[in-house]
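# Structural overview
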Amino acid sequence: MSVLLTGVELLHANGHRALSNLELNIAKGERVALIGSSGAGKTSLLRLLATSHKPTAGQLTVLQTNPWSPGMSRLKALRTRIGLIHQAPPLPARQRVITAVLAGRLGQWSLWKSLISLAYPLDRQGAMQALAKLDLAEKLYQRCNQLSGGQLQRVGIARVLYQAPELILADEPVSAMDPVLASHTLNILARDAESRNATLIASLHSIDLALKHFPRVIGLRQGIVAFDKATPDITPEDLEALYVNEQLALDESPKTAFIPATSRC
Amino acid sequence: MLTTALPRDPAALPRLGISLLALLLLWPGFHLSELDIPGLFTGENARIMGSFLAGFWPLAYDSEFLSIVGKAILETLAIATAGMTLAWLVAFPAALLATRALSVSALHRQGRPSWPGQVIRTVVRIILVVLRSIPEIVWALLFVRAVGLGPTAGVLAIAITYGGMLGKVYAEIFESVPADSTRALLLGGSSRLQAFMYGLLPAASGEMISYTIYRWECAIRASVVMGFVGAGGLGQQVDLSLRMFAGGEVASLMLTFLILVMLADLISRLLREPQR
Amino acid sequence: MRIKGFFAFITMLAAIVSSFAYLETNFAELFSRTSLGQMAKFAKGFLSPDFSHAHLSTIGWASLETLAMSAMGTLVAALLGMVLALPAAGRLGSLFKAFARLVLNALRAVPELVWAALMVLAAGLGPNAGTLALALHTAGVLGRLFAEALENTPAAPSEAIRLAGGGRIAAFTYGTLPNVWPQLLAYTLYRWENNIRMATILGFVGAGGLGQMLQISLSLFQLAQAATIILAVLILVLLVDAFSAWIRQRWISL
């Protein structure tokens, strides 16, 4: 079992209830898409699984471990097995792409190796391979602020591919890419997860992409699971109910993608 | 999966070069500065310093000492104020001479002043540079030799250094003010001084006052420090107490100094804000 | 407005008059013929600076010593400032934060020259005392600036590394430092410029460099030698000013 949630509830510090009474069960090697309108709790759920947020109630088990049982070193060890892909990859603007990718394995490296690699990148081969999978090999020595939003997202993905975690969490990983590239990139991500028998959970705002690349889809609405089905079983009514009173986003174009702030890379 | 040959890191050589250069510079720097941090904490030094620091508490506050401190505070304030007054007397005419804003010859030469005017301006500017570039405490040291120990040396040192600074900044302020009204007055046949009084000064005075007050605050800090070369004020008292290893007195004086600087900062901010 | 201005003017005048009165400076005597003559005689001693080879090479070494003091002092200050800035930016909890801020304020509040006098007592005469004095005062200044820079930098990059299992130090060096180091470097260079000027005068209390030479030759009334040293101070200060103006112009144009 990769992820097991029973009765999980998440209240944000401002009192907003992001998730309530969540029951979820995802097996090792599964590939699951999270869909739902913005504010439905997709990001909250992913950050909860990434051990960034602590559930306010309920039981959470990730990779057979309870992240919030006492012991800082156990949490750290667990975190090296989880890879989180951010919608706007938080990469320092002046950092070089190779360093940004190598940062994926900091949890596995000794402190000395990390520090030396900062001045002289040690595993250039590994970074190169991860970037080559995403067709970014020629950007190896460029700075992050020289890349476009879509290229940055791919660097963020390359970092997690390099980390090679057992659980890949992706928060709108292709939102800044055009539809063809987005589909291609999701395919790479799915193939990587499949080849290593890793679990992949991705939130997407494009239903087309979710149905195309993922065997299982979970619909979230206002912090609760609206449906949780294998892809062939999903009906148009399911989707309509998910987005009722919202703008239906069947053909949502990725033009609404984020524009990364330059200072943040 | 490896599609491309692995390119070499283009930053490796520059980084190596910079590191070597840094080491190359660091080594003589280390030797010349005779830096010895562990020496502070070993042997005799640590013992002396320890007993000295232990003397910091209790603070000295007997009435005799406090009256000395009071006099020193007044003297410090007086040095700063008197020094600034003399500095202003140096700076104001110098700025009038140094600024291009009052050039009559520039009016009918497309803004390019004639060469005699240019020479005078350059000479005055060079003098101002020399006055302000030699640190005030060097001037104080010189004046202590010339006019003897005591606050007069401090006043003269502040007058000279701050005269140079104020002169430069005043001249810049004059030139940054819109020149139309001054030019109109000069073209209308008024004298330079008249054009200055009626055209330039009203526009420039706010900024000048603000900068002068800010400098006055700096002068207070400077006059504290100048006492170390014998130019009067609080610094001289700190120096004396240090030499006598009177920890409590040093601590009290430091505290006084902090309060004085904070007060000057407060007053200067209060005075400058309504100008904006 | 008028009345307020008038009142301010009167207050200022009163302050000036009472200042001169308190100091009992006798300007008539100061500018009397005998006194002026004495000063002229003193000044005349400076008119023939000593440009002998031996003296110039001593000045050259003292200038290098001054530069070394300022550079090493700034370097140590940057390291110490960084060590204090981390807790001062609240990275180790609020108790450490309050304590680190207190230390930084205390370091900064004491002027360099006072630190130098203290260090001469603690570590003996010579450039070591000056270097330590610059390091202590500048650590206070830089620590505060560094802490502000750290507080204003986005937390997301280092948080992302923590979430991937990276340690505190790894997250700091890979996530935070790349964003802030240009700013830290700019602050350090700016302080170095300031410290070169400071290092020329710390010698007045015996802390090495050009200042100590000047102090010695003035107390021996070797005015010709002193004049050369003052010239050297002037040239050093002007060079630093020109250099930093050039650097700043280049940085802004970048």
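Remember, predicted model here, so these are calculated numbers, not experimental data. (Residues numbered from 1 in each chain as written. Chains lettered and ligands numbered in written order. Predicted model: local features only at pLDDT ≥ 70, side-chain atom pairs only at ≥ 80, totals over all residues. Heavy atoms only, no water.)

A few words now on the interface of chain A and chain B. The interface of chain A with chain B comprises 14 residues on the first partner and 13 residues on the second. Of the roughly 1,100 Å² buried between chain A and chain B on both sides combined, carbon and sulfur atoms contribute 64%. The three residues of chain A that bury the most area against chain B are Arg96, Met128 and Tyr141 of chain A, which together make up 39% of that side's buried surface. At the surface where chain A touches chain B, the tally comes to one salt bridge. The residue Asp9 of chain B makes a salt bridge to Arg96 of chain A at a minimum N-O spacing of 2.8 Å. Viewed at the interface, chain B and chain A are joined by five residue pairs in polar contact (both at pLDDT 80 or more). It is helix α5 (residues 124-133) of chain A that contributes the most residues to the side of chain A that touches chain B, six residues altogether. The residue makeup of the side of chain A that touches chain B, split by class, is nine nonpolar, two polar and three charged. (Contact = heavy atoms within 4.5 Å. Buried area = accessible area lost by both parts, 1.4 Å probe. Salt bridge = Lys/Arg side-chain N within 4 Å of Asp/Glu carboxyl O. Polar contact = N/O pair within 3.5 Å; in protein donor to acceptor, adjacent residues only side chain to side chain. Helix = DSSP H or I, 4+ residues; strand = E, 2+ residues; numbered from the N terminus. Nonpolar A, V, L, I, M, F, W, Y, C, P; charged D, E, K, R; others polar.)

Listed per partner, the contact involves 49 residues of chain C and 46 residues of chain B. Here chain C packs against chain B, burying approximately 4,300 Å² in sum over the two surfaces, 84% of which is carbon and sulfur. Sorting the residues of chain C by area buried against chain B places Tyr22, Leu23 and Leu121 of chain C first, and these three jointly supply 14% of that buried surface. In this assembly, chain C and chain B are joined by zero salt bridges. A class-by-class count of the residues in the side of chain C that touches chain B yields 41 nonpolar, seven polar and one charged.

Our next topic: the UniProt feature "transmembrane region" (unreviewed entry) in chain B. Taking the UniProt record as the reference, the feature "transmembrane region" (unreviewed entry) is found at residues 12-30, 77-102, 148-166, 218-238 and 250-271 of chain B. Across residues 148-166 of chain B, helical content stands at 84% and strand content at 0%; the span's end C-alpha atoms are separated by 26 Å. (UniProt positions renumbered as here; feature names shortened; annotations may be inferred.)

In this section: the sheet that holds strand β2 (residues 17-26) of chain A. The pairing of strands in a sheet comes from backbone hydrogen bonds and takes either a parallel or an antiparallel form. Residues and elements named next belong to chain A. In spatial order, the strands read β2-β1-β4; together these three strands make up an open sheet with antiparallel pairing. Looking at the sheet topology across the chains shown, the edges are occupied by β2 and β4 (57-62). Strand-to-strand, the axes of this sheet are offset by a mean angle of 20 degrees, without reference to chain direction. With six bridges connecting them, strand β1 (residues 3-11) and β2 associate as antiparallel partners. By the bridge assignment for β2, Leu11 is matched with Arg17. Its contacts with the sheet put helix α1 (residues 42-49) on β1, β2 and β4, and the angle it makes with β1 is roughly 120 degrees. (Pairing = 2+ DSSP bridges. Axes fitted to C-alpha atoms, helices over the stretch in contact; angles between N-to-C directions.)

Turning our eyes to something else, we now look at the pattern of salt bridges. Per the stated rule, a full pass over the model turns up 22 salt bridges over all chains. Asp192 of chain A serves as the salt-bridge partner of Arg196 of chain A, at 3.1 Å between the closest nitrogen and oxygen. Of the two residues, Arg196 of chain A and Asp192 of chain A are both situated in helix α7 (residues 179-196); the distance of four residues between them amounts to about one turn of the helix. Relative accessible area serves as the criterion here: at 8%, Asp192 of chain A is assigned to the buried category. Residues Arg144 of chain C and Glu148 of chain C are paired through a salt bridge, measuring 3.8 Å at the closest nitrogen-oxygen approach. Of this pair, Arg144 of chain C and Glu148 of chain C both sit in helix α7 (residues 127-152), separated by four residues, roughly a single helical turn. (Buried < 20%, exposed > 50% of the residue type's maximum accessible area, 1.4 Å probe, protein only.)

Running from amino to carboxyl end, helix α2 (residues 43-54) of chain B crosses helix α6 (residues 112-123) of chain C at an angle of 130 degrees, the nearest separation of the two axes being 8 Å. With respect to α6 of chain C, the axis of α2 of chain B lies oblique. From α2 of chain B, Asn45, Met49 and Phe52 of chain B reach across to α6 of chain C, where they touch Leu118, Leu121, Ala122 and Ala123 of chain C. Across the contact of α2 of chain B with α6 of chain C, the residue classes tally to six nonpolar, one polar and no charged. (Parallel < 35°, antiparallel > 145°, perpendicular 65-115°, else oblique.)

Its identity is not glycine, yet Asn21 of chain A carries a phi of approximately 45 degrees, on the positive side. Among the secondary structure elements, Asn21 of chain A is positioned in strand β2. Judged by relative accessible area, Asn21 of chain A falls into the exposed class, the value being 58%. Unusually for a residue other than glycine, Phe245 of chain B sits at a positive phi of about 60 degrees. Tracing the backbone through its elements, the reader meets Phe245 of chain B in the loop between α9 (234-243) and α10 (247-272).

Take α5 of chain A next. Residues and elements named next belong to chain A. The element α5 is largely enclosed, with a buried count of seven among its 10 residues. Within α5, the full set of buried residues consists of Arg124, Gly126, Ala127, Met128, Ala130, Leu131 and Ala132. The elements touched by buried residues of α5 are α3 (97-102) and α6 (149-163). Asp135 sits one or two residues past α5 and shows a positive phi near 60 degrees.

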